[in-house]
Structure formats: C-alpha cells, structure tokens
Amino acid sequence: MTTQLNQLRFDNRLVRELPADPETKNYRRQVTGAVYSRVNPTPVKQPRLVAGASEVAALLDLPASVFSQAEFAQVFGGNQVLDGMEPHACCYGGHQFGNWAGQLGDGRAINLGEVRNQQGEYWTLQLKGAGPTPYSRTADGLAVLRSSVREFLCSEAMFHLGVPTTRALSLITTGEWVRRDMFYDGNPQLEPGAVVCRVAPNFTRFGNFEIFSARGEIDVLKQLADFTIRKDFAHLLDHKSSDITAEIYLRWFNEICLTTAQLMAHWMRVGFVHGVMNTDNMSILGLTIDYGPYGWLEGYDPDWTPNTTDAQGRRYRYGTQPRVALWNLAQLANALYPLINAVEPLQQALERYRIEYEHCAQRDMANKLGLSQFDPVQDQSLTENLLQVLQSAEIDMTIFYRQLAHLSLDDIHQYTDQQWVDIVRSAYYSAPDIKAEAMMANWMRSYAQRLQQDFVLNGNDNIQRRERMNAVNPKYVLRNYLAQQAIDKAAGGDNSEVEKLLQILRKPYAEQPEHEAYFAKRPEWARHKAGCSMLSCSS
Ligand code: AMP
Ligand code: MG
C-alpha cells in the first residue's frame, strides 16, 4: 500500500515499557497489576470523514491531503489497524463528584500508539468511541455525533485560544446508530455514531496513579510514575539515567501543581466551564481533557454549570473550578505519597498551587482590563467591584470585555451614565434599568481613572491597551448554541458548519468582520433548548 498514512512512524513506549494485562480477550473486568490492556477498535459499517484539523496532521508530519484518502476514514473510524499501531486501553480510577469510584479506565478510548515525528516529539493517537474495552463497565464504548462534534471543535478552539488541551485530528461518522437517553428521562433515541481521534503527548490522568495507590500496587504506581517522568518531564531529571528519587517525585508534583494552576487561570480567563472535573478528567500534563457537558459562560455568573447532572450540588460550577482543581491535586498527592513518604513538602506544593493561581489570575485580570500591571492595592477592589457589576444583570462575559476595549480616554469627559453604558450595551441580555446603568457607569468611571493613572505612570496608551486586551479577551468562543447548530446540520449530512466554526475559531482573537454574526449574544430561543445551554453527561 502506498498511502501517506504509511509514513507514520510508531514507537510505542508505553506498551513496551509498562506492565500489560496478560488477558487479551475483550470483556469487561477488573484489571489488576497492569497499566493497560490490549484491545482492538470495533469495526464499523461506513466510516466517513466529517472534519479534520490540518494543524494536527502536521504534528504527525502528515499533509492535509491525507484526510481525503479513503484509507484515512477506515483507520481513524476503527476499521483498520496500521502496521506499527498497538491498540490498547489504560486502567485508571478516579474520584467522581468527591467520592472514590474505583476502577474506571478507558471505557471508550483506545490508544493506537505513539507517533514519533521528525522533530522527535511523541504524540499518542487515541480513538474515542471506537467500541468496548475491558474498562467499559456497563456502557457501550461508543460516542455519538453530538458529543463528538463538541469534542472535536472545542479541542481545537481551546488550542487556538492558547489554552493547554488535548488536540483532535479527525471526526468520523461510523454509519451506525447508537442509543442514547439524552435527557435521562427513559426516552432513548438512536443517534449517529462517531469517532474522534484525539492527539496528545499522553492521556494520563490523576486517576491513573490513584488506582494503583488505592489497590496498594505500589510497584506499578512507581513504574508508571517513572515512565511518565522520563518521557514527559525529562527536564526534571539531573541526568537522563539518574535514579528517580523522592526529591524528583516532589519536583514533578510541584510542576503538576503549577501547570494545573495555569490551566485553571486560562479557563477562568476565557469563561470555560469543564462541567465534570473528576480526578479521572484531570490531565497529568495540565491539559484540558475529556470534553463532555462543558460550556462557555454567556451571562457572567460564577454559579453557572452547564452540566445537568451537577445542577443540584453545582460542585463544578465556573467559580469553584480553581478550588476543585486544588482538591483534585490533594487526591493526587495522596496517591503519590507512597513514593515520597513526607507530608510537609506535598502540602507546600499545594500551597504553591494557590500562589501560582493567584499570580496568573491577577496578571490575566490586568491584561483583560488593559492595565500594564496588577496593582494589588487598587486593582483588587477594582476587580471585585467589576465582578459584582457583571453579576448585577445578565451581561455576556465575552462581549463585555471585547467591547470594553473600545473605550477611549479621549472621549469620556462629561459622559452621562447612559453614554458609559453604551460602550458595553450590546453585552446586556436585557435592557438595564437606571440603577443598573448607574452601577456600571460608576465602575467605568473608576476604571477610566485607573487607566488615566496607568497612562501617566507607565506610558500606556489607548492603542497598547486595546492590543493587550484583545490578545487575552477572545472575540469568538464556541458557544453551546453554535456547536448545536453545527451538530444539527452535520446530523443531516451537511458538515459545512463544523468546517466554518473550525475556521473561525482558529483566530479567536482576530476581528474577522466577515463573521461578526458569530460575535453575538446567545439568541433567546437557545436559552432553554437542549444542548444550547444545559447539557447532560449522556454522550
Ligand atoms: P466521563 O465521566 O465521561 O469522563 O467517564 C467516566 C468513565 O466512564 C470513564 O471510564 C469513561 O471511559 C467511561 N465511559 C463514559 N462513557 C462511556 C461509554 N459510552 N462506554 C464506555 N465507557 C464509557
Ligand atoms: Mg472522562
């Protein structure tokens, strides 16, 4: 066969170096003493490409033309295993909604292998929705078009926003029908099946370490930790061959705390709510992983969660994400404790998380407001007041910050309340009353004063300020209703909206005047429509 896919070079280090489950039959079971089980994707009727991300193909040294080869859909839909691939599913556990859930594992994800590209980078390819594995428990191992469009588009949207994330190479429909009870109301429907090929340096989660620790399989825990450090944290080693000591495990845990803090600051900056921050959905690399019932803040509201399954406790609402990540890190600290045997330095690392998060959040807030730097004396209250104002009415977060950049200090003398509000009026979901206008106008006046001072003291100006703001405040985000419109079209066989969204979201900070319609508040019809605001975990 002479196809471009044969150019992929596999070097499957995880499979080669870590303990395998000796059982190779594919049935659901508890797997002990092993990091992974070998399992092949389940063949499907008619794999068809819906969309591909050429930037991700390039990471694998593949040209964009690879997507149009017939073989591509066969391989990435699960019908064909290429030479060099060694399909497998990994064992992990996790704390779900605060409780230890025992063995979970790759229930519908199958790693195909690790590609080593020409730069020497390793990229693991993973099919999501390619059929059952030993870890599928009571579920079918499949994914539907609805959730797969969401995963594909959001992975790439996050990357282009500068938010660490797993990537998505392709989205393929399988030609099969999959039964899903989307509303959990006893009315399952048949939906089109789909498979996304995800790409990341690794897909290891906090839960991969937790499971071995919980079972007292400390030798396997150590093997996985050592492997992960040597492969993806080699910069922490003094020498390539050096033994991995407690001190190195600690350096590693410190780094996980820092990258996780940075990730949380990114989510908060762009208004992303993951929706299911269980420890099995936390990447050891600090990547956003597992796009399920996520959402983007529209009206600014720290209590908002897109996940209907979480609507009661709201554990994973927007405003609590940084705290939940810390809780999850504490679970990881417990899991790694047998390798370190000291509590104090683990606690110090968790403390570093707090400091790093605070640092990133303040820096981001200064940038969001276009200030040269965050001055804790003045800007703490400026920020707190802003967040109060944003909550006092339904105000679209994305539109608000983007519009705020239009304020010009040259124009504002003798502005009335109304004129101040006009700057951001398009962000309001319903017209503000006089009181709400006064609140916003007051905040704007204090903001303008602060800017004036920044201009005088630091030589900042309107142009620099706008540039700074527009580089961190996206204009285009994957609002749930936009994703839903692309899903509805794709379900009818028209993939153009998926393609178009991918294209727009490649440049989320650019003006793109031709796509102004995508820089708009969620329309009223979408407020309560399924998939457009709240989502269930069903996927
Ligand atoms: P999630 O809450 O989606 O992160 O999933 C938690 C666990 O359930 C993981 O072990 C998943 O692999 C598994 N899982 C979710 N959906 C399915 C499915 N349709 N089939 C098999 N396993 C699944
Ligand atoms: Mg998951």
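Residues numbered from 1 in each chain as written. Chains lettered and ligands numbered in written order. Predicted model: local features only at pLDDT ≥ 70, side-chain atom pairs only at ≥ 80, totals over all residues. Heavy atoms only, no water.

**A few points about the overall build of the protein chain**
The helix and strand tally for the protein chain stands at 16 helices and 11 strands. Taken over the C-alpha trace, the protein chain has a radius of gyration of 24 Å; the compact-globule value for 539 residues is 24 Å, and the two agree within 12%. Dimensions of the protein chain, computed from the C-alpha atoms along their principal axes, are close to 75 × 55 × 45 Å. Across the 539 residues in the protein chain, those meeting the buried criterion constitute 59%. Taking all contacts inside the protein chain whose residues are at least 6 apart in sequence as the whole, residues at least 24 apart take part in 72%. Element-wise, carbon and sulfur atoms account for 50% of the exposed surface of the protein chain, whose accessible area totals about 21600 Å². For the protein chain, the separation between the mean place of its 53 positive charges and that of its 61 negative charges on side chains is 3 Å. (Helix = DSSP H or I, 4+ residues; strand = E, 2+ residues; numbered from the N terminus. Rg over C-alpha atoms; globule rule 2.2 N^0.38 Å. Buried < 20%, exposed > 50% of the residue type's maximum accessible area, 1.4 Å probe, protein only. Contact = heavy atoms within 4.5 Å. Areas by Shrake-Rupley, 256 points an atom, 1.4 Å probe, with all protein chains shown as cover. Lys, Arg positive; Asp, Glu negative; His and termini not counted. Charge placed at Lys NZ, Arg CZ, Asp CG, Glu CD.)

**Digging into the site of ligand 1**
Close to ligand 1 lie 17 residues, the nearest being G105, G107, R137, G141 and N281. Between ligand 1 and the protein, one listed contact pairs an oxygen atom with a side-chain N or O atom of R137 at 2.7 Å. A distance of 3.1 Å is found between a nitrogen atom of ligand 1 and a side-chain nitrogen or oxygen belonging to D140. Split by residue class, the shell around ligand 1 holds 4 nonpolar, 6 polar and 7 charged. Here the shell around ligand 1 spans two domains, since at least three of its residues come from each of domain 1 (4–206) and domain 2 (218–366). (Near = heavy atom within 4 Å. Polar contact = N/O pair within 3.5 Å; in protein donor to acceptor, adjacent residues only side chain to side chain. Nonpolar A, V, L, I, M, F, W, Y, C, P; charged D, E, K, R; others polar. Domains from an automatic or database assignment.)

**Thoughts on the side chain of H266**
With respect to the helices and strands, H266 occurs in helix α7 (residues 246–270). Side-chain polar atoms of H266 contact the side chain of R269, separated by 3.0 Å.

**Here we look at the coordination of the magnesium ion (ligand 2)**
Here the magnesium ion (ligand 2) is held by N281 (OD1) and D290 (OD), and the distances to it run 2.0 to 2.2 Å. Judged by its relative accessible area of 14%, D290 falls in the buried class. (Donors = N, O, S within 2.8 Å, 3.2 Å for Na, K, Ca; no water.)

**Some remarks on the domain arrangement of the protein chain**
In terms of domain boundaries, the protein chain breaks down into domain 1 (4–206), domain 2 (218–366), domain 3 (376–470) and domain 4 (480–526). Computed over C-alpha atoms, the centres of domain 2 and domain 4 are 30 Å apart. The interface is formed by 6 residues belonging to domain 2 together with 4 residues belonging to domain 4. Both faces combined, the contact of domain 2 with domain 4 buries some 390 Å², and carbon together with sulfur accounts for 29% of it. By the criterion of area lost to domain 4, the three top residues of domain 2 are R269, Y294 and E298, representing 77% of everything that side buries. Put simply, domain 2 and domain 4 have 1 salt bridge between them. For R522, the salt bridge identified is with E298, shortest N-O distance 3.0 Å. (Buried area = accessible area lost by both parts, 1.4 Å probe. Salt bridge = Lys/Arg side-chain N within 4 Å of Asp/Glu carboxyl O.)

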